[in-house]
Structure formats: structure tokens, C-alpha cells
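# Close look at the chain arrangement
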Amino acid sequence: RFFSDDLNNNNNYKTLEEGTILIKPDTSTRFFSDDLQHGLCIYLGLAELLGFDLERDMKVTLYVVRRLQRWMGKEFVLPDSRDDHHANANGKGAGKVKLVAHAKDVAETSAPQAFGVETIGDLKRFLELDVFGERRTERAEGCLMQSGLISKL
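Here we summarise the structure given alongside this text. Values in this document were obtained by computation on a predicted structure and should not be read as measured data.

## Regarding the overall build of the protein chain
Looking only at helices and strands, the protein chain features eight helices and two strands. Along the protein chain, helices and strands appear, N-terminal first, in the series α-β-β-α-α-α-α-α-α-α. The 153 residues of the protein chain split such that 26% are buried. Of the accessible surface of the protein chain, which amounts to about 10,700 Å², a share of 54% is contributed by carbon and sulfur atoms.

Dropping the structure here:
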């Protein structure tokens, strides 16, 4: 039994006549279901918020996400910012196209834009939330007001 026999009998592989092996990825693996949406997309979302030019500054990460999302049939980032037709079709043609914020499946990621975070101010407010839904500042002020320190001032 040869390795090539296994490849030819598996629907995820196809060997071309010149010997090139085409591999169909298994998009149900953890790499596709977790690492992409809850890893790389966070980096791209934060970079977009901070004003980076993703096409220039995060070219490799953007390429990887675009390639993998195509295999998954998803749109976590816009396919190509130079595709003005795509931007206009989404009603986002005016102004700067945001590759993460304007993607149709961004809500399936953990990018800040999936939580309605569109500005650095939004990000600061979002990060101030604690796990119990309280704001740290308000909680700290409440503790101070109840402490003996404030009553002595």
C-alpha cells in the first residue's frame, strides 16, 4: 500500500497528472473554528481600530484570514479593499472601507467590532466593563464613598 493510494482514495485529496497534490482542508477543525475567529480576527480588528492600514501593515495576516475564510464560505474581513464594487454593494462605498467592521460575518468573531466597538473611546469603555457587568470606576468610587477615608475629608 502506497501513500499515493491513500491520497487517491480520499475525497480531501486530489492528485493531478503532473504529480501536484491538491488538498481540501477540513474546516471543522479547531484551527478553523477557534483560532481564526478568536485569534487572528482580534488582531486585525484591533489594528483597524488603531488606524493601521491592514493591506500594508498586516498583509500576511490579512492574506491568511482571506484565504481561510474563502474555504469556510465566510466573510470575517472584506475580500479585497480594492474591490470598489464590493464596498458599494454593501452600502459602504463612501469614505474609508473598514475591512473588519464592514465584513458580513464579523459578529461570529471576537474582534472588537463584533461587540459594537468602532472607536478607541468605545474600546476603552468596553475594557472598563468587568465580568459582572459593572464599571470598575463606579465600583471603586462606591467603595471609597463607603470607606472611612472619605468621611474624614
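## A word on the packing of aromatic side chains
Remark: the centre distance and the inter-plane angle together describe each pair of aromatic rings, the angle taken between the planes. Evaluated as defined, the whole model comprises three aromatic pairs. Between F31 and F32, the ring centres sit 5.5 Å apart and the planes meet at 80°, which makes this aromatic pair edge-to-face. The class for F31 is partly exposed, based on a relative accessible area of 38%. Put simply, the rings of F31, F32 and W71 touch in pairs and so form one group of aromatic residues.

## As for the pattern of salt bridges
For the structure shown, the criterion picks out five salt bridges. Residue D35 is joined to R30 by a salt bridge in which the shortest nitrogen-to-oxygen separation is 2.6 Å. Two residues, D122 and R125, come together in a salt bridge whose shortest N-O distance is 2.8 Å. Taken together, the residues D122 and R125, both in helix α6 (residues 120-128) and three residues apart, mark about one turn of the helix.

## A few points about the environment of T20
Structurally, T20 is set in the loop between β1 (13-15) and β2 (21-23). Classification of T20 as partly exposed rests on a relative accessible area of 34%. Apart from residues no more than four positions distant in its own chain, T20 is found in contact with K14 and T15.

## A few points about helix α4 (residues 59-72)
Counted at 1.5 Å a residue, the expected span for α4 with its 14 residues is 20 Å, and the 20 Å between its end C-alpha atoms agrees. Of the surrounding elements, those touching the buried residues of α4 are α2 (30-49) and α3 (54-57). Once α4 finishes, G73 follows within two positions and takes phi at roughly 75°, a positive value.

## Concerning the side chain of E75
Locating E75 in the fold gives a position in the loop between α4 and α5 (84-89). The side chain of E75 is buried and forms no salt bridge, while K104, the nearest opposite charge, is found at 5.6 Å. At a separation of 2.9 Å, a polar atom in the side chain of E75 contacts the main-chain amide nitrogen of K104.

## Regarding the nonpolar core
In terms of nonpolar packing, the biggest core is built from 20 residues, with L44, L54, V65 and V100 touching the most fellow members. Counting only elements with at least two residues in this core, the list comes to α2 and α4. A total of five residues in this core trace back to one element, the largest contributor, which is α2. Not counting residues within four places of it along the chain, the set of residues in contact with V65 comprises L36, L40, C41, L44, F76 and V77.

## Examining the environment of A47
Relative to the helices and strands, A47 resides in helix α2. Each C-alpha atom of the pair A47 and V100 lies 9.7 Å from the other, and the pair is 53 residues apart in sequence. Every residue in contact with A47, bar those within four places of it in the chain, is listed here: F52, L54 and M58.

Rules behind the numbers
- Residues numbered from 1 in each chain as written.
- Predicted model: local features only at pLDDT ≥ 70, side-chain atom pairs only at ≥ 80, totals over all residues.
- Heavy atoms only, no water.
- Helix = DSSP H or I, 4+ residues; strand = E, 2+ residues; numbered from the N terminus.
- Buried < 20%, exposed > 50% of the residue type's maximum accessible area, 1.4 Å probe, protein only.
- Areas by Shrake-Rupley, 256 points an atom, 1.4 Å probe, with all protein chains shown as cover.
- Phe/Tyr/Trp six-rings, centres within 6.5 Å; stacked < 30°, edge-to-face > 60°.
- Salt bridge = Lys/Arg side-chain N within 4 Å of Asp/Glu carboxyl O.
- Contact = heavy atoms within 4.5 Å.
- Expected span 1.5 Å × (residues − 1).
- Lys, Arg positive; Asp, Glu negative; His and termini not counted.
- Polar contact = N/O pair within 3.5 Å; in protein donor to acceptor, adjacent residues only side chain to side chain.
- Core = buried A, V, L, I, M, F, W, Y, C linked by side-chain atoms within 4.5 Å.

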